[in-house]
Amino acid sequence: MTRSVNFPLLGLAAALFLSPLLLAVSGKLPDDLKPNRQEVYGGGKIYDISHRYTPEMPAWESKEGLSNHLKLIASMKNGSFANVSEMKMSVHSGTHVDAPGHFIDEYYDAGFDCDSLDLQTLNGPALLVDVPRDKNITAEVMESLHIPRGVRRVLFRTSNTDKRLMFKKEFDSSFSGFMTDGAKWLVENTDIKLVGLDYLSFAAFDESPATHKVILKGRDIIPVEALKLDGVEAGMYSLHCLPLRLVGAEGAPTRCILIK
């Protein structure tokens, strides 16, 4: 009895068999094996405003960036049954949140960590505003922005975005951020409970400890730092930020998106 051969299936089997061989010879992946990395989804409906973690991403007071933050500790090429990576970096790397224990030791000891942060604050309507360029956010600047009462989440885009500081490996202490008087004005004159900024700290470098303490003292305002705000128009959005649930940690890497 003669058996028929299914040529399409045979061709598929041959392709699956030959692909690894072709890869080994050419050193190139097939065109259909290229990852699709996006910043904008759904034709402008969803914006990813978190930064990619790369060795070149800046790290606090470092000239070397994150460097070797990711290591492949088990490799299929070396005989392991799976590829397994290990990550080692500060919890304040890249896009991240601060918990009250970051600058207030009493709160750290009491357990006010990233797992205790309110998801209702981290998710909801948010206003993206442009700050006057090459200025820190002082009380005068805050007053000039005319942020209406009732707005609970504000993302402040500064000259940090224009200068693409988050894309430069070496830490830049001249970044724009909140001054202490600007933080006090926010606490006393607005209903803001989430403060987002576009570099590794929402607080200007020279006044960082004092400014953080003003914002974190009430335990009801969450700073979200190192946001990626280029290519997004100012205005109202639905913000969604989900920090890792790191019990005992005063900061956590966070994925943030804006939905138009």
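Quick look at the structure, then. In every chain, residue numbers begin from 1 and rise along the written sequence. Only residues with pLDDT of 70 or above have their local features reported here, since the model is predicted, and side-chain atom pairs are shown and tallied only from 80 upward, although totals for entire chains, interfaces and linings are computed over all residues. Derived side-chain values reflect all non-hydrogen atoms in the structure, with water molecules and hydrogen atoms excluded from consideration.

## Some points on the overall build of the protein
Rules: A helix here means a DSSP run of H or I that spans at least four residues, while a strand means a run of E at least two residues long, and both kinds are numbered starting from the N terminus. Whether two residues touch is decided by their heavy atoms; if any such pair falls within 4.5 Å, the residues are in contact. Computed with the Shrake-Rupley method and a 1.4 Å probe, the accessible areas treat only the protein chains shown as cover for residues.
Within the protein, the secondary structure is distributed over seven helices and eleven strands. A separation threshold of at least 6 residues defines the contact pool for the protein, and within that pool the share at least 24 residues apart is 73%. Surface exposure of the protein reaches about 15000 Å², of which carbon and sulfur atoms provide 56%.

## Comments concerning the state of the cysteines
Convention followed: The rule for a disulfide is simple: a pair of cysteine sulfur atoms within 2.5 Å. Burial classes follow relative accessibility: with a 1.4 Å probe on protein chains only, a residue under 20% of its type's maximum area counts as buried, one over 50% as exposed, and anything between as partly exposed.
Applying the stated criterion across every chain yields a total of one disulfide. Here cysteine 241 connects covalently by a disulfide to cysteine 256, the sulfurs 2.5 Å from one another. Across the S-S bond linking cysteine 241 and cysteine 256, the dihedral sits near 120°, which makes this disulfide right-handed. One end of the pair, cysteine 241, is in strand E10 (residues 235–243); the other, cysteine 256, is in strand E11 (residues 251–259), with 15 residues separating them in the sequence. We classify cysteine 241 as buried; its relative accessible area is 1%.

## Focus on the nonpolar core
This is how it is decided: Take the buried Ala, Val, Leu, Ile, Met, Phe, Trp, Tyr and Cys residues and link them wherever side-chain atoms come within 4.5 Å; each set so joined is a nonpolar core.
In terms of nonpolar packing, the biggest core is built from 22 residues, with Ile49, Val97, Leu122, Leu155, Val224, Leu239 and Leu258 touching the most fellow members. Within the residue set of this core, elements represented by two or more residues are strand E6 (123–130), strand E9 (222–225), E10 and E11. In contact with leucine 258, not counting residues within four places along its chain, are Lys45, Ile46, Tyr47, Ile49, Leu155, Val232, Tyr237, Ser238 and Leu239. Of all hydrophobic cores here, the second largest spans 21 residues; its members include Met142, Leu145, Ile147 and Phe156.

## Quick word on helix H6 (residues 180–189)
Each α-helix turn comprises 3.6 residues. Residues three or four places apart therefore point the same way. As a reminder of what qualifies: The arc in question is the one traced by the directions running from the helix axis out to the C-beta atoms.
Those residues of H6 not exposed but buried are Thr180, Gly182, Ala183 and Leu186. Seen end-on, H6 carries its buried residues on one side only, within an arc spanning 165°. Tucked into the core, H6 has its buried residues touching helix H4 (139–145), strand E7 (153–157), strand E8 (194–197) and helix H7 (208–216).

## Brief notes about the pattern of salt bridges
Definition in use: Salt bridges, as used here, are contacts in which a Lys or Arg side-chain nitrogen is within 4 Å of a carboxyl oxygen on Asp or Glu.
In total, this model carries nine salt bridges according to the counting rule given. Here lysine 228 makes a salt bridge to aspartate 230, at a shortest N to O gap of 3.1 Å.

## Focus on the packing of aromatic side chains
What counts here: Only the six-membered ring of Trp is used, alongside the rings of Phe and Tyr, when aromatic pairs are assigned; centres must lie within 6.5 Å, and planes under 30 degrees apart are stacked while those over 60 apart are edge-to-face, with the rest tilted. For a ring to carry a charge above it, either NZ of a lysine or CZ of an arginine must fall within 6 Å of the ring centroid while also lying within 35 degrees of the normal to the ring plane.
Counted according to the given criterion, the structure contains eleven aromatic pairs. Here the aromatic cluster, defined as three or more aromatic residues joined through ring pairs, consists of Trp60, Phe171, Phe175, Tyr199 and Phe205. Between the NZ or CZ atom of arginine 164 and the centre of the ring of phenylalanine 167, over which it lies, the distance is 3.9 Å. Sitting over the face of the ring of tyrosine 107, arginine 219 holds its NZ or CZ atom 5.0 Å from the ring centroid.

Worth remembering: the numbers are spatial, not functional.
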